[in-house]
Amino acid sequence: MKLVRVAGAGTGLVVDSAGSTYVVDLAGSASALDDGPAEAIKALFPGGSQSWLPMIGAWPSVRGALLTLLELVQDDLDRGRDRLGARPLAEVPLDPPLPDPASRIFAMGGNFPMHAGRMASRMELPESFVSGTADDTPPWGFYVIPGTVVGPGAIVTPPEGTAKLDYEAEVGVVLGGAEHPRGSDRVSLWGYTAWNDFSIRDDALGLSRIDHGPLTWSLVKNFRTGNSCGPWMVVDEAIDVTDLRIRCRVNDELRQDGTTADMGHSFGRIAAHISRFVPLGGGDMILSGTPGGTAMEDGPDGAFLRDGDEVEVAVDGVAPLRNTVKMG
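Residues numbered from 1 in each chain as written. Predicted model: local features only at pLDDT ≥ 70, side-chain atom pairs only at ≥ 80, totals over all residues. Heavy atoms only, no water.

J.: Go over the state of the cysteines, please, and point to the residues and values.
T.: Enumeration according to the criterion identifies zero disulfides in this entry. Of all cysteine sulfurs, the one in Cys-248 lies closest to Cys-229, which takes part in no disulfide; the gap is 15 Å. We classify Cys-229 as buried; its relative accessible area is 0%. (Disulfide = S-S within 2.5 Å. Buried < 20%, exposed > 50% of the residue type's maximum accessible area, 1.4 Å probe, protein only.)

This is how it looks when you write it as structure tokens:
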């Protein structure tokens, strides 16, 4: 099952038919079901709420109704009928498929050995920079401000004067269920999507001073339009994220090609560490970190992004996430 956020118009259900992909309004199309399933779906969005947290919390009881709706729309489209206002995905403006506008997003750093090793050598960092190289090395990363996240098709505009803008293709997972058990590496996952962690490298290369001190604001990651995700959230109760292929292309040139099987710390281990300090629960997000192939790995002369570049992130099961860069 795949869900999108239709810009300014609620939640959409993605349906494939005859080689094409369509979107139908989830709450509106529920009226085609019997009273019980219809009311179950409509109750997920009280007062026009845009949050998916009620849906995540009630997933065991509403999943059946959503699957029934998906099958109904699929059958209609396969028969050449459209009773529920299905629109081609390409014609639907989309917002980032965050579970909630204020989602908590925990991003891993140095979690793919090839990427982290190259970064460490360029920046003269210790081996502990590479997550997962030792059992006593805990996961590390940063917090993503949800207001910096844009959706597919959005223009990425770094702060004026930025010279070295990088790409980082990742997988973002959403925790499901109730509160995550403190310190447990057994996670319940509700969904996943493609993510691009655009990163300003000027500070790391000594070209500017953005963050300073042992505790930083992570502004090189948290600038306006600095993160993108989508176009949809893959949702199912039996999600396997242990070997998802992650690729990044810039102007159709393949730059990154990895898999979540290469993560130094699994999503479970990351959640176990974070939950020792911060309660985790349904709707919280964890980002995988990025595989090798970023521009920064080649130092100052790396293939950093330029004005007009189109960046595409592809993750198994998710349509390509495309954004265009506009340098200030």
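J.: For the pairing of strand 19 (residues 318-325), give the residues involved together with the corresponding values.
T.: Pairing of strand 9 (residues 155-156) with strand 19, which is carried by two bridges, proceeds in the parallel orientation. When the sheet's bridge partners are listed, Ile-155 is paired in strand 19 with Thr-324. As paired strands, strand 18 (residues 310-315) and strand 19 are joined by five bridges and run antiparallel to one another. Paired with Val-313 across the two strands is Leu-321, which belongs to strand 19. Connecting strand 18 to the next strand, strand 19, in antiparallel fashion are two residues, including Gly-317 with a positive phi near 90°. (Pairing = 2+ DSSP bridges. Helix = DSSP H or I, 4+ residues; strand = E, 2+ residues; numbered from the N terminus.)

J.: Before we move on, can you summarise the packing of aromatic side chains with the specific residues and values?
T.: Evaluated as defined, the whole model comprises three aromatic pairs. Where Trp-59 meets Trp-190, the ring centres are 5.7 Å apart and the plane angle is 90°; that geometry is what we call edge-to-face. Here Trp-59, found in helix 4 (residues 59-78), pairs with Trp-190, found in strand 12 (residues 189-197); they are 131 residues apart in sequence, far enough to count as distant. Members of the aromatic cluster, connected to one another through ring pairs, are Trp-52, Trp-59 and Trp-190. (Phe/Tyr/Trp six-rings, centres within 6.5 Å; stacked < 30°, edge-to-face > 60°.)

J.: Describe the nonpolar core, with residues and values.
T.: The tendency in soluble globular proteins is for nonpolar side chains to be buried side by side. One finds Tyr-192 and Val-315 to be the most contacted residues of the largest nonpolar core, which totals 51 residues. By size, the runner-up hydrophobic cluster in this structure holds 40 residues, among which are Ile-105, Val-149, Val-174 and Trp-190. (Core = buried A, V, L, I, M, F, W, Y, C linked by side-chain atoms within 4.5 Å.)

J.: Account for the pattern of salt bridges, with residues named and values stated.
T.: Tallied over the entire structure, the rule returns 15 salt bridges. As a salt-bridge pair, Lys-221 and Asp-197 come within 2.8 Å of each other at their nearest N and O atoms. With Lys-221 in the loop between strand 13 (199-200) and strand 14 (227-235) and Asp-197 in strand 12, this residue pair connects regions lying 24 residues apart in the sequence. Of the two residues, Lys-221 and Asp-197, both sit in the buried class. Close ionic contact of Asp-257 with Arg-245 constitutes a salt bridge, the shortest N to O distance being 2.7 Å. (Salt bridge = Lys/Arg side-chain N within 4 Å of Asp/Glu carboxyl O.)

J.: Before we move on, could you go through the sheet that holds strand 9 and cite the residues and values that matter?
T.: With mixed pairing, five strands are arranged side by side in an open sheet as 9-19-18-15-16. In this open sheet, the two edge strands, each paired with only one partner strand, are strand 9 and strand 16 (253-259). The pairing of strand 15 (residues 245-250) with strand 18 spans five bridges and is classified as antiparallel. Within the sheet, the bridge partner assigned to Arg-249 lies in strand 18 and is Glu-312.

J.: Tell me what's going on with the side chain of Arg-247, and back it up with residues and numbers.
T.: Relative to the helices and strands, Arg-247 resides in strand 15. In this structure Arg-247 is buried but unpaired, with Asp-316 as the nearest side chain of opposite charge at 4.4 Å. (Lys, Arg positive; Asp, Glu negative; His and termini not counted.)

J.: Provide a residue-level description of the packing of helix 2 (residues 35-42) against helix 4, including the pertinent values.
T.: Contact geometry of helix 2 with helix 4 gives a least axis separation of 9 Å together with a crossing angle of 110°. Taken together, helix 2 and helix 4 sit at an angle that is classed as roughly perpendicular. Residue-level inspection shows Pro-37, Ala-40 and Ile-41 of helix 2 in contact with helix 4, the latter providing Val-62, Ala-65, Leu-66 and Leu-69. (Axes fitted to C-alpha atoms, helices over the stretch in contact; angles between N-to-C directions. Parallel < 35°, antiparallel > 145°, perpendicular 65-115°, else oblique. Contact = heavy atoms within 4.5 Å.)

J.: Explain unusual backbone geometry residue by residue, including any values.
T.: The general pattern is negative phi for most residues beyond glycine and trans for most peptide bonds. Residue Pro-231 is reached from Gly-230 by a cis peptide bond, and omega for that bond is 0°. The residue Pro-231 is located in strand 14 in this model. The residue Ser-218 is not glycine, and still its phi comes out positive at about 55°. Positionally, Ser-218 belongs in the loop between strand 13 and strand 14. Overall, Ser-218 belongs to the buried group, its relative accessible area being 15%. Look at Asp-252: it is not a glycine, yet its phi comes out positive at around 75°. Within the fold, Asp-252 resides in the loop between strand 15 and strand 16.

J.: Would you mind going over the pairing of strand 15 in detail, with residue names and values included?
T.: Bridge count for strand 15 against strand 16 is six bridges, and the pairing is antiparallel. Each residue of the ladder has a partner; that of Arg-247, found in strand 16, is Asp-257. Count of turn residues in the strand 15/strand 16 antiparallel hairpin: two residues, of which Asn-251 carries a positive phi of about 50°.

J.: With reference to specific residues and values, describe helix 6 (residues 267-275).
T.: Each full turn of the α-helix corresponds to 3.6 residues, which orients residues three or four apart in the same direction. Counting buried positions along helix 6 yields seven of nine residues, so the element is predominantly enclosed. Within the sequence span of helix 6, burial applies to Phe-267, Gly-268, Ile-270, Ala-271, Ala-272, Ile-274 and Ser-275. In the core, the buried residues of helix 6 are packed alongside strand 6 (105-108), strand 11 (169-175) and strand 17 (285-287).

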